[in-house]
Structures are given as C-alpha cells and as structure tokens.
Amino acid sequence: MGVRSWFEGWPVYRQLTGTDPLGRGAAAKSDGSRALTARTDTADSMARSVCPYCAVGCGQRVFVKDGQVSQIEGDPDSPISRGRLCPKGSASKSLVTSPLRQTTVRYRRPYGTEWENLDLDTALNMIADRVLAARDETWEDVDAEGRPLNRTLGISSLGGATLDNEENYLIKKLFTAMGALQIENQARI
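Residues numbered from 1 in each chain as written. Predicted model: local features only at pLDDT ≥ 70, side-chain atom pairs only at ≥ 80, totals over all residues. Heavy atoms only, no water.

- Per an unreviewed UniProt entry, the protein goes by Dehydrogenase and derives from Micromonospora arida.
- For the protein, the Subcellular location (unreviewed entry) comment in UniProt is given as "Cell envelope". (UniProt positions renumbered as here; feature names shortened; annotations may be inferred.)

### Structural notes on a nonpolar patch on the surface
Then step 1. A cluster of nonpolar side chains, namely Trp6, Phe7, Trp10, Val12 and Leu16, defines an oily patch on the protein surface of about 540 Å² accessible area.
Then step 2. For the nonpolar patch, the secondary-structure elements that each account for two or more residues are α1 (3-9) and α2 (11-17).
Then step 3. Residue classification places leucine 16 among the exposed positions, given a relative accessible area of 69%. (Patch = residues over 30% accessible without salt bridge, like charges linked within 9 Å, V, L, I, M, F, W, Y side chains within 5 Å. Areas by Shrake-Rupley, 256 points an atom, 1.4 Å probe, with all protein chains shown as cover. Salt bridge = Lys/Arg side-chain N within 4 Å of Asp/Glu carboxyl O. Helix = DSSP H or I, 4+ residues; strand = E, 2+ residues; numbered from the N terminus. Buried < 20%, exposed > 50% of the residue type's maximum accessible area, 1.4 Å probe, protein only.)

### With respect to the sheet that holds strand β7 (residues 148-159)
Then step 1. Across the sheet, which stays open at both edges, the 3 strands sit in the order β6-β7-β8 with mixed pairing between neighbours. Edge positions in the open sheet fall to β6 (139-142) and β8 (180-185), since each of these has one partner strand only. If you compare each strand with its neighbour and ignore which way they point, the axes differ by 30° on average.
Then step 2. Of the strand pairs in this sheet, β6 and β7 are connected by 3 bridges, and their pairing is antiparallel. By the bridge assignment, glutamate 140 is partnered in β7 with arginine 151.
Then step 3. Helix α6 (residues 120-138) rests against β6 and β7 of the sheet, and its axis sits at about 145° to β7. (Pairing = 2+ DSSP bridges. Axes fitted to C-alpha atoms, helices over the stretch in contact; angles between N-to-C directions. Contact = heavy atoms within 4.5 Å.)

So, in structure tokens, the structure goes:
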C-alpha cells in the first residue's frame with residue numbers, strides 16, 4: 001500500500017473531499033465495516049411472533065439459523081410496536097436460548113422434596129385426571145330451589161395477556177363446556 005492510497009483511504013480525507021462532509025456515510029466506512037453484515041442476513045428463515053411478557057402484544061421477528069433462534073428483534077410491520085421493543089422484549093432471545101431454560105416437564109409430588117422429570121403424555125394425563133376429578137367433586141346440577149345450574153366452581157381459568165383472540169375464544173369455549181364459571185383473562189383485569 002503506497003502513501004497515496006493510504007492517504008486516500010484515510011476517513012478524514014474522504015470526508016473533506018467526498019460527498020459526505022459530516023462523516024456519517026461512505027467517508028466513515030473502513031474495509032472492516034464494509035465487510036460487516038447484520039446478524040439477521042445469515043438467517044435461514046424468519047417467523048413473526050408476539051412478545052411473551054406483558055399485555056401490550058408487541059410484534060417480534062424471530063430469525064432462525066440451522067434450526068436455532070439466532071436473533072429476535074421488533075417487527076416494523078406491527079401496528080402496536082412499530083418495530084420497537086422494551087428492554088425485556090429485546091432480551092427475549094435469552095428466554096429461548098438460555099442453557100438454564102427448562103425443556104422438560106418437572107413435577108414434585110405432594111410432600112416431596114425433589115423434582116422429577118415426567119414425559120409430556122404422563123403430565124397431560126395427570127392434568128386431565130385432576131380436572132375431571134375436580135369437576136366431578138364440585139358439580140352442581142340444581143340449586144336449593146330446584147333451578148338448573150349445570151356448573152362447577154372447582155375449576156377456573158386465568159389466561160395470560162399474550163394469548164390472542166382466537167386462543168382466548170377456544171379457552172372460553174373449553175371451560176364453559178366443562179361447566180366452569182370463573183374464566184378471566186389478565187388483559188382485562
């Protein structure tokens with residue numbers, strides 16, 4: 001590299017002689033910065049999602065490379081957040097990729113002191129058995145005056161704020177079909 005080419009490659013020289021007098025564009029770029037690419041450029045695919053934290057429902061773009069989440073950023077097409085995320089939403093990649101994240105069903109038996117792993121089918125069967133038992137034990141056909149009730153007060157639901165309308169609709173239909181009355185959503189509280 002000669003003195004002339006070194007001098008012409010100097011950012012201050014490019015700033016003073018080029019079309020970028022404030023040094024915010026081409027004049028400020030070096031060979032190293034020209035070679036940089038965004039983390040999202042190398043992703044295999046992108047999926048849209050909703051931030052899992054609060055009830056605002058900010059849109060997220062989840063980038064995947066080699067089957068793993070590589071980046072999560074705000075979705076500029078979201079009418080709610082317009083591409084912006086709060087600090088918790090911005091850090092939600094660690095929620096998915098943290099080595100401390102639980103990826104199995106954990107269960108501690110009544111009066112137990114240790115957690116144990118359960119397979120998903122076993123855990124779902126335990127939940128179904130307990131829901132049916134609670135419904136059977138607390139079912140009310142009629143009130144004291146003989147009026148039909150067909151309800152249970154032994155089951156309730158409190159939905160999360162990140163559930164969308166369709167999920168809330170299905171939860172409401174399921175719990176109503178089981179006879180539950182206490183069906184609420186965090187976003188309405």
